[in-house]
Amino acid sequence: KTAGYVMPYGDSPYDGENLAENVYLDILNRAERYVHIMTPYLVISDKMISALSVAAKNGVDVRIITPGIPDKKLVFRLSRSYYLPLLRAGVRIYEYTPGFLHAKCCVSDDRAAVVGSINMDYRSMFLHFECGVLLLQNSQVLALRDDVRRTLPQCREVQCADCRTGLAGTVLDSVLRLLSPLM
């Protein structure tokens, strides 16, 4: 007998509901101890920035792992433009150093997890057809947690000082954010 729940779901840009984002937001809002996220791209909405920040400020150990080596340099730059406000709120960000990280998962409190095709980026959350699996109180939640724990030692933790870009960099980041739905 297997305990817990496995709930596959699909998200469509045509149904008027942002299911992929809502699942992540629900996990963040319910978290009490930790939320660990692995994503190849971090191009998030103001709502997601707020949820990540509020969770961290409420004492939840929020960690995000992104690639340290990009596959798309402009998207890599754009992802990094979100680091500073998250770091200032207490979110811990790591970059995977051995290569490109393509994992897409979120695990929280040893009770909930999501794995699937959903990147934490604008296109995945709002423009693409995506699928995911929500796991609740299932043994695979612990397997995902353990995968994140095995990945963290292969990462470099990002500090606020790493996010200095100067005026030209700040302008470029702002332009990239405007264009983010196209990237």
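Residues numbered from 1 in each chain as written. Predicted model: local features only at pLDDT ≥ 70, side-chain atom pairs only at ≥ 80, totals over all residues. Heavy atoms only, no water.

Draft legend 1. A look at the environment of M48. Summarising the element assignment, M48 is placed in helix α2 (residues 46–57). For M48 and Y24, which are 24 residues apart along the polypeptide, the C-alpha to C-alpha distance reads 8.4 Å. Excluding anything up to four places from it in sequence, M48 contacts E21, Y24, L25, L28, M120 and M125. (Helix = DSSP H or I, 4+ residues; strand = E, 2+ residues; numbered from the N terminus. Contact = heavy atoms within 4.5 Å.)

Draft legend 2. Region of the structure containing the packing of helix α1 (residues 19–30) against α2. The interhelical angle for the contact between α1 and α2, taken along N-to-C directions, is 15°, at an axis separation of 9 Å. Considered as vectors, α1 and α2 are oriented roughly parallel to each other. With respect to the hand of their crossing, α1 and α2 are arranged in left-handed fashion. Residues E21, Y24, L25, L28 and N29 of α1 lie in contact with α2, whose contacting residues are K47, M48, A51, L52 and A55. Considered class by class, the residues forming the contact of α1 with α2 number 7 nonpolar, 1 polar and 2 charged. (Axes fitted to C-alpha atoms, helices over the stretch in contact; angles between N-to-C directions. Parallel < 35°, antiparallel > 145°, perpendicular 65-115°, else oblique. Left-handed = near helix turned anticlockwise from the far one by under 90°. Nonpolar A, V, L, I, M, F, W, Y, C, P; charged D, E, K, R; others polar.)

Draft legend 3. Focus on the state of the cysteines. Per the counting criterion, the structure on display carries 0 disulfides. Unpaired in terms of disulfides, C105 finds its nearest cysteine sulfur in C106, a separation of 7.4 Å. Owing to a relative accessible area of 3%, C105 belongs among the buried residues under this scheme. C155 forms no disulfide, and the closest cysteine sulfur to it belongs to C105, at a distance of 12 Å. (Disulfide = S-S within 2.5 Å. Buried < 20%, exposed > 50% of the residue type's maximum accessible area, 1.4 Å probe, protein only.)

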